[in-house]
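Summary of structural features
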Amino acid sequence: MSDTSGQVLSVSNKQGTKREYETILILRPQTSKVGIREFVTKMQGVFEKCGARLIKIENWGTRTLAYPINRSPTGIYLYWRYLGGSDIVHEFERNLRITDAVLRFYTVKVDEDVDPAARPSEITDDLLENISEPPPEPEPEPVREVEEENSMYADDGVEGLEEGVN
């Protein structure tokens, strides 16, 4: 039997191309920075074993969930974008299911027939070192003082409306 890992096993797809996927997963809020780093390293091993290529990983930080999942009102969101064959999604999701730190995940096929050489990877050692750090929170917009904009409505036709009412 030949080794077909990392290949798209579909008759309709062009040979030598891969599919592009993205997965968003939610980790338990108690997961430490070291735990996130170990999790990412473990998942990179899964990608290498399957012949897939990781394009992008982002830490979206801790967010409040719409409803509690396993009694957790918040979770740490991680975004993964990768190229691979049909088997990478199955193996990646299998590993996510058996990892206790993962609350939920969702995978979407972004594109088919992608030339792997045309999609450069944005993964660097510096990015992997800082993946456990959430991004900085956006600064709130400064509060503007409200001027007397309602003054134009105070005198226009108020008396006329009151007199016209029977």
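Reference entry: report on the structure contained in this document. Please read all numbers here as calculations on a predicted model, not as lab measurements.

**A closer look at the packing of aromatic side chains**
Counting across every chain of the model gives 8 aromatic pairs. When the ring of Phe-47 is compared with that of Phe-92, the centres are 5.0 Å apart and the planes differ by 45°; the resulting orientation is tilted. Here Phe-92 lies in helix H2 (residues 86–97) and Phe-47 lies in helix H1 (residues 33–50), a separation of 45 residues in the sequence. Judged on exposure class, the residue Phe-47 and its partner Phe-92 are both buried. For the ring pair Trp-60 and Tyr-79, a centre distance of 5.3 Å and an interplane angle of 10° mean the geometry is stacked. Of this pair, Trp-60 sits in strand E2 (residues 53–69) while Tyr-79 sits in strand E3 (residues 72–84); the two residues are 19 residues apart in sequence, bridging distant segments of the chain. By relative accessible area, Tyr-79 is classed as buried at 8%. One aromatic cluster in this structure is built from Tyr-21, Phe-39, Phe-47, Trp-80, Tyr-82 and Phe-92.

**Quick look at the environment of Glu-58**
Mapping Glu-58 onto the fold places it in strand E2. Spatially, the C-alpha atom of Glu-58 lies 9.0 Å from that of Arg-81, the residues being 23 residues apart in sequence. Every residue in contact with Glu-58, bar those within four places of it in the chain, is listed here: Tyr-77, Leu-78, Tyr-79 and Ile-131. Here the side chain of Glu-58 touches Lys-56 through a polar contact of 3.2 Å, side chain to side chain.

**So, the pairing of strand E1 (residues 18–27)**
Of all 10 residues that make up E1, 8 are buried, and the element is covered over most of its length. The sheet contact formed by E1 and strand E4 (residues 102–114) spans 9 bridges and is antiparallel. Following the sheet pairing, Leu-25 is matched in E4 by Phe-105. When E1 meets E3, the two strands line up antiparallel, connected through 9 bridges.

**So, unusual backbone geometry**
Backbone geometry places Asn-70, a non-glycine residue, at a positive phi of 50°. Along the chain, Asn-70 turns up in the loop between E2 and E3. For Asn-70, a relative accessible area of 51% gives the class exposed. Phi is positive for Arg-71, which is not a glycine, with a value near 65°. Counting through the fold element by element, Arg-71 comes out in the loop between E2 and E3.

About the cut-offs
Residues numbered from 1 in each chain as written. Predicted model: local features only at pLDDT ≥ 70, side-chain atom pairs only at ≥ 80, totals over all residues. Heavy atoms only, no water. Phe/Tyr/Trp six-rings, centres within 6.5 Å; stacked < 30°, edge-to-face > 60°. Helix = DSSP H or I, 4+ residues; strand = E, 2+ residues; numbered from the N terminus. Buried < 20%, exposed > 50% of the residue type's maximum accessible area, 1.4 Å probe, protein only. Contact = heavy atoms within 4.5 Å. Polar contact = N/O pair within 3.5 Å; in protein donor to acceptor, adjacent residues only side chain to side chain. Pairing = 2+ DSSP bridges.

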